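Here are the chains, one letter per residue:
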Amino acid sequence: MFLLLCLINVVPSSVYASEGAIKPDSKFYFLQTWGESLKLFFANSPEQKLNYLLELSDRRVGEMKNAPSSQVANRYEDHFRQLNELSNQVEGKEQAVGRIKEANLRQQVVLAKVYGQVPENAKDAIINAQENSSKHVAQTIERVEGSQKAQEYIQQVAIIQQVEKIGQVERLEQAPIEGSPGGLKENKGLLPGQELKPL
């Protein structure tokens, strides 16, 4: 029991750290995943679980920056699957959905940068993390805000992913999305005469 309490309190203790205490390529990484799962299980409210899952999604992005793998990508996707489920249980659903959407768009941009820096054999993990997490976020948005808002989000993600593939990532950060603080604007970040279309 003492070991269990230590794992809950120590392993995931670095709030919004770029990585957890144990690196994904360590044979002891399972201890971190176990500790995170226990901390999530014992969270007192859906709001606390939502906050912790957003923290964990940031942690997974930090891990993918240094050691992208399908294991980390799958865990990242699972956090957004759980966030999708939790968004039904929290008070202030619109605010919760806004936080989920904002976090995912910010992380999509980071992953787009990482995509250009990792070896070819790691690129699939990045793409899977982006695509699968965005499906869950789109479902969350559609359920709470309607299909039009979900389509707007899908277009924003498609632009990020297409820009990622043509190597224009640096331009993304300089152009906020209309109606979305800190996001991207669809008509900026392109070369003259260039037009991006959703994938």
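Details of the structure are given in the entry above.
Residues numbered from 1 in each chain as written. Predicted model: local features only at pLDDT ≥ 70, side-chain atom pairs only at ≥ 80, totals over all residues. Heavy atoms only, no water.

S.K.: Tell me about the packing of aromatic side chains, and please be specific about residues and values.
M.R.: Two descriptors summarise a pair of aromatic rings, namely the distance from one centre to the other and the angle between the planes of the rings. Throughout the structure, instances matching the rule amount to two aromatic pairs. Arranged with centres 5.0 Å apart and planes meeting at 85°, the rings of phenylalanine 41 and phenylalanine 42 form a pair that is edge-to-face. Phenylalanine 41 gets classed as exposed once you look at its relative accessible area, which sits at 60%. Given the relative accessible area of 49%, phenylalanine 42 is considered partly exposed. Aromatic pair tyrosine 76 and phenylalanine 80: ring centres 5.1 Å apart, planes at 70°, arrangement edge-to-face. Taken as a pair, tyrosine 76 and phenylalanine 80 lie in helix 4 (residues 70–86) at a separation of four residues, close to a single helical turn. We classify tyrosine 76 as buried; its relative accessible area is 0%. Phenylalanine 80 gets classed as buried once you look at its relative accessible area, which sits at 1%. Residue placement shows lysine 123 over the ring face of tyrosine 115; its charged tip is 4.4 Å from the ring centre. (Phe/Tyr/Trp six-rings, centres within 6.5 Å; stacked < 30°, edge-to-face > 60°. Buried < 20%, exposed > 50% of the residue type's maximum accessible area, 1.4 Å probe, protein only. Helix = DSSP H or I, 4+ residues; strand = E, 2+ residues; numbered from the N terminus. Lys NZ or Arg CZ within 6 Å of the ring centre and 35° of its normal.)

S.K.: Which residues make up the packing of helix 5 (residues 93–115) against helix 6 (residues 120–145), and what are the values?
M.R.: At a minimum axis separation of 10 Å, helix 5 and helix 6 run at an interaxial angle of 160°. As judged from the angle between their axes, helix 5 and helix 6 are roughly antiparallel. Along this stretch, helix 5 crosses helix 6, giving a crossing that reads as left-handed. Residues Lys93, Glu94, Val97, Ile100, Lys101, Asn104, Gln108, Leu111, Ala112, Val114 and Tyr115 of helix 5 pack against Lys123, Ile126, Ile127, Ala129, Gln130, Ser133, Ser134, Val137, Thr140, Ile141, Val144 and Glu145 of helix 6. A class-by-class count of the residues in the contact of helix 5 with helix 6 yields 12 nonpolar, six polar and five charged. (Axes fitted to C-alpha atoms, helices over the stretch in contact; angles between N-to-C directions. Parallel < 35°, antiparallel > 145°, perpendicular 65-115°, else oblique. Left-handed = near helix turned anticlockwise from the far one by under 90°. Contact = heavy atoms within 4.5 Å. Nonpolar A, V, L, I, M, F, W, Y, C, P; charged D, E, K, R; others polar.)

S.K.: Account for the nonpolar core, naming residues and giving values.
M.R.: Counting residues in each nonpolar core, the largest one holds 40 residues, and the members touching the most others are Leu50 and Met64. Those elements that place two or more of their residues in this core are helix 2 (29–41), helix 3 (46–66), helix 4, helix 5, helix 6 and helix 7 (147–166). In terms of residues, this core owes the most to one element, helix 5, which gives 10 residues. Not counting chain neighbours up to four residues away, the residues in contact with methionine 64 comprise Val72, Ala73, Tyr76, Leu111, Val114, Ile126 and Ala129. (Core = buried A, V, L, I, M, F, W, Y, C linked by side-chain atoms within 4.5 Å.)

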